[in-house]
Structures are given as structure tokens and as C-alpha cells.
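Residue strings, one per chain:
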Amino acid sequence: MRWDGISEFVYVAEYESFTRAAKELGISTAQVSRQISALEKRLSIKLLYRTTRKVTLTEEGRVFYQHCRSVLDGLDAAEQAVSNLQSKPQGTIKLTAPVTYGEQQLLPLVNDFMVQYSDIEVTAFLSNQKIDLVDGGYDLAIRIGKLSDSTMMAKKLSRRTNFVCAAPAYLEKYGTPHALSELSQHNCLLGTRDYWHFIDFKKAGSKKDADKEKNLRVSGTVQYNSGHSLVDAALKGLGIVQLPDYYVQKHLASGALVSLLDNYREPEESIWAVYPHNRHLSPKIRLLVDYLAERLA
């Protein structure tokens, strides 16, 4: 039949593994392999490159995957549309997000969401490590910045801006830097990495922002893996810090911190909802993602 092997092929393409695809489909790895081999034979096309370490799509496989994915999405949407007529969103959503963003921005909104939708339960794990959604059984992840290429679905929720700032007392004592090169003369308060992101808009010949991106290595007497502690250190005049807006906005507004090097501030970073392809038609996932997008926009 024309449908034989289609689901198996799509799942292998998305998980890049026969074993993972078989687990998700609830069948044996051997059965997945047989179905795809039969599909390739029927089409007279090689769809996958198989090695001991990884499974990747051929050029023909990529084209075939896009069409097959659309067909399966259409079937899922049809089934879901009928199901939605008789039920309301319910069940458990398992999500992950960066620690501070999750605490300050995300989970308060998730709590509001659960007040409205009492039949939905949420399990959240906050971590600054990039977690494998498939291995961990997650429905949804919140990611910040550039997304790596993958078969995951993604929806932009919001943006954030990183500020370089310091307390007036520090600047009065040590001076105000006006160029990136002057940061080497200052005590920089470090987080988990020893470099800061900037954009050099004066860089000659550059046509794209990506060409102007600059990672500047900085140093200082403080290194914490806590944004709140870095803010406290900056407020007490210990040095200059670079942190996202949700750490420092209120202190910049009050004058307790002063924004520096604004001409070199990098463009806003995007905040994304990322989820496995087979989750995007789930009513509960779609409902939460749309809810977050509306309130974080």
C-alpha cells in the first residue's frame, strides 16, 4: 500500500534514529527498518544514509520528508478537529526553561494559565543546560537566542536585550568606558562565561549584523553563576556587568545602575517555544504556546 513505511520514515527522519522512532511508534526496530527498506525499493530512491552512529536524510529524502510530514500533519489535524468537538484540553505538559527566565517570566504566566485551564497539569524543570526533549520526554522547551538546526517546531514568543551597566559610585571612582577596548581597564563581573557579546556597528565593509558580532573576553575579581548575585555586586559598586533586561530594568529606571556602551549593544535575542513535531497539534500544547506568545509579545 502507498501508506506503508511513511510514518516510520518520518519518525526516523525526525529522531535521526531507528531505535527512537521504533520506541515512539511502539513497534520493533527491525519492523521500522523493513518498512523503510520496502518504501525505498518501491520508490526506487535512497531516502536515508545509515551509519553506525547516525541516520541522515539524502537530498531526495529531505524533499520526500517535507511532503510526507505535511500529509501526516493534515491527518493529525483532521483527527484532532473531530476530537476537539467532544473534549477540552487536558492532561500533563512537561516543559523545561532556563532557570532565571523560568522563575521570573515564564512560570508566573504558567500559573495564570493553569487558573484558567484547571484540567491541565504542568511539570517544569528549570535548567540552563540544553536538554534533549525526546530523551527526556518533554513536550515543550523555552530557548533563548539562535536555534540550532533541527526537526523541532519553534514559535517566537518574545525578545530580550542584554545591557552593560554599573553603579554611579563605581563610575565616579574608576571612570566610564566609552569604547570596548577600555573594558580591559575595568573590573568586569563575570557569569558562567568569560566573554561578553557586542556588535561593532563601525566595522568597515560589514553588510550584515552577523559580520559585526564580537565576543570580547573580559576579566575581573568576581565570577558567579547567579544573575541575582551579579546584580547585587554591581549595585554595591564592585564592577561592570552584562545581563539581560529582566535582571536590570528596574535598577536602570531608578538610576541605581547606569547603562554603558549603548552603541555596541547587540541586537535583541529571540525567545522561542520549541517542541517536537508530533506535539504541535496537541490542543494543550498549542493552547499554552499561544497563551505565552500573547502575554510575552
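Cut-off values and rules
Residues numbered from 1 in each chain as written. Predicted model: local features only at pLDDT ≥ 70, side-chain atom pairs only at ≥ 80, totals over all residues. Heavy atoms only, no water. Helix = DSSP H or I, 4+ residues; strand = E, 2+ residues; numbered from the N terminus. Contact = heavy atoms within 4.5 Å. Areas by Shrake-Rupley, 256 points an atom, 1.4 Å probe, with all protein chains shown as cover. Patch = residues over 30% accessible without salt bridge, like charges linked within 9 Å, V, L, I, M, F, W, Y side chains within 5 Å. Salt bridge = Lys/Arg side-chain N within 4 Å of Asp/Glu carboxyl O. Axes fitted to C-alpha atoms, helices over the stretch in contact; angles between N-to-C directions. Parallel < 35°, antiparallel > 145°, perpendicular 65-115°, else oblique. Left-handed = near helix turned anticlockwise from the far one by under 90°. Buried < 20%, exposed > 50% of the residue type's maximum accessible area, 1.4 Å probe, protein only. Pairing = 2+ DSSP bridges. 1 Å grid on protein atoms, 1.4 Å probe; cavity = no way out; pocket = protein on both sides within 12 Å on 5 of 7 lines; lining within 4 Å. Points joined across faces, edges and corners; volume = space filled by probe spheres on them. Nonpolar A, V, L, I, M, F, W, Y, C, P; charged D, E, K, R; others polar.

## Focus on the overall build of the protein chain
Then comes step 1: Along the protein chain, the regular secondary structure elements total 11 helices and 14 strands.
Then comes step 2: In the protein chain, of all internal contacts separated by at least 6 residues, the share reaching a separation of at least 24 is 73%.
Then comes step 3: Per element, the accessible surface of the protein chain, about 16700 Å² overall, is 48% carbon and sulfur.

## What about a nonpolar patch on the surface?
Then comes step 1: Taken together, the side chains of Trp-3, Val-71 and Leu-75 make up a nonpolar region of the molecular surface, amounting to roughly 280 Å² of accessible area.
Then comes step 2: Within the secondary structure, Trp-3 is located in the segment before helix H1 (6–15).

## Some points on the environment of Phe-64
Then comes step 1: You can see Phe-64 is positioned in helix H4 (residues 59–84).
Then comes step 2: Placed 17 residues apart in sequence, Phe-64 and Leu-47 show a C-alpha to C-alpha distance of 7.9 Å.
Then comes step 3: Here Phe-64 is in contact with Ile-6, Phe-9, Leu-39, Leu-43 and Leu-47, once residues within four sequence places are set aside.

## What to know about the environment of Val-71
Then comes step 1: Along the polypeptide, Val-71 turns up in helix H4.
Then comes step 2: For the pair Val-71 and Ile-6, spaced 65 residues apart in sequence, the C-alpha separation works out to 9.7 Å.

## Considerations on the packing of helix H5 (residues 99–116) against helix H11 (residues 283–296)
Then comes step 1: Two elements in contact, H5 and H11, have axes whose closest approach is 10 Å; the angle formed by their N-to-C orientations is 120°. The pairing of H5 with H11 is recorded here as oblique in orientation. Considering how the two elements wind past one another, H5 and H11 form a crossing that is right-handed. Counting all contacts with H5, which are made through Tyr-101, Leu-106, Leu-109, Asp-112, Phe-113 and Gln-116, the residues of H11 involved are Lys-284, Leu-287, Leu-288, Tyr-291, Leu-292, Arg-295 and Leu-296.

## What to know about the pattern of salt bridges
Then comes step 1: One pass over the structure, following the stated rule, counts 11 salt bridges.
Then comes step 2: Arg-20 is the partner of Asp-132 in a salt bridge, and the nearest nitrogen-oxygen pair spans 3.3 Å. One end of the pair, Asp-132, is in the loop between strand E4 (120–126) and helix H6 (133–136); the other, Arg-20, is in helix H2 (residues 18–25), and 112 residues separate them in sequence.
Then comes step 3: Judged by relative accessible area, Arg-20 falls into the partly exposed class, the value being 27%.
Then comes step 4: Here Glu-269 ties to Arg-160 by a salt bridge, and the two come within 2.7 Å at their closest N and O atoms. Highlighted residues: Glu-269 in strand E14 (residues 269–275) and Arg-160 in strand E6 (residues 153–160), separated in sequence by 109 residues.
Then comes step 5: Accessibility expressed as a relative area gives 18% for Glu-269, which makes it buried.
Then comes step 6: When its relative accessible area of 14% is taken as the criterion, Arg-160 is described as buried.

## Examining the sheet that holds strand E11 (residues 222–223)
Then comes step 1: Pairing in this open sheet of 5 strands is mixed, and the strands run E11-E8-E12-E7-E13 from one edge to the other. At either end of the open sheet lies a strand with only one pairing partner, and these are E11 and strand E13 (258–260).
Then comes step 2: Bridge count for strand E7 (residues 162–166) against E13 is 3 bridges, and the pairing is antiparallel. Bridging from a neighbouring strand, Ala-166 pairs with Val-258 of E13.
Then comes step 3: Packing against the sheet, helix H9 (residues 227–235) makes contact with strand E8 (188–190), E11 and strand E12 (240–244), and its axis sits at approximately 140° to E12.
Then comes step 4: Relative to E12, helix H10 (residues 245–254) is tilted by about 120°, and along the sheet it contacts E7, E12 and E13.

## Details of empty space enclosed by the protein
If a probe as big as a water molecule is rolled over the atoms, it shows which places are left empty.
Then comes step 1: All told, the structure shown has 2 cavities of 30 Å³ or more when counted by the stated rule.
Then comes step 2: If you trace the largest cavity, you find 13 residues lining it, with Asn-162, Phe-163, Val-164, Leu-261 and Arg-265 closest to the centre.
Then comes step 3: Broken down by element, the lining of the largest cavity gets its largest block of residues, 3 residues, from E7.
Then comes step 4: Across the lining of the largest cavity, the residue classes tally to 6 nonpolar, 4 polar and 3 charged.

None of this, on its own, says anything about what the molecule does.
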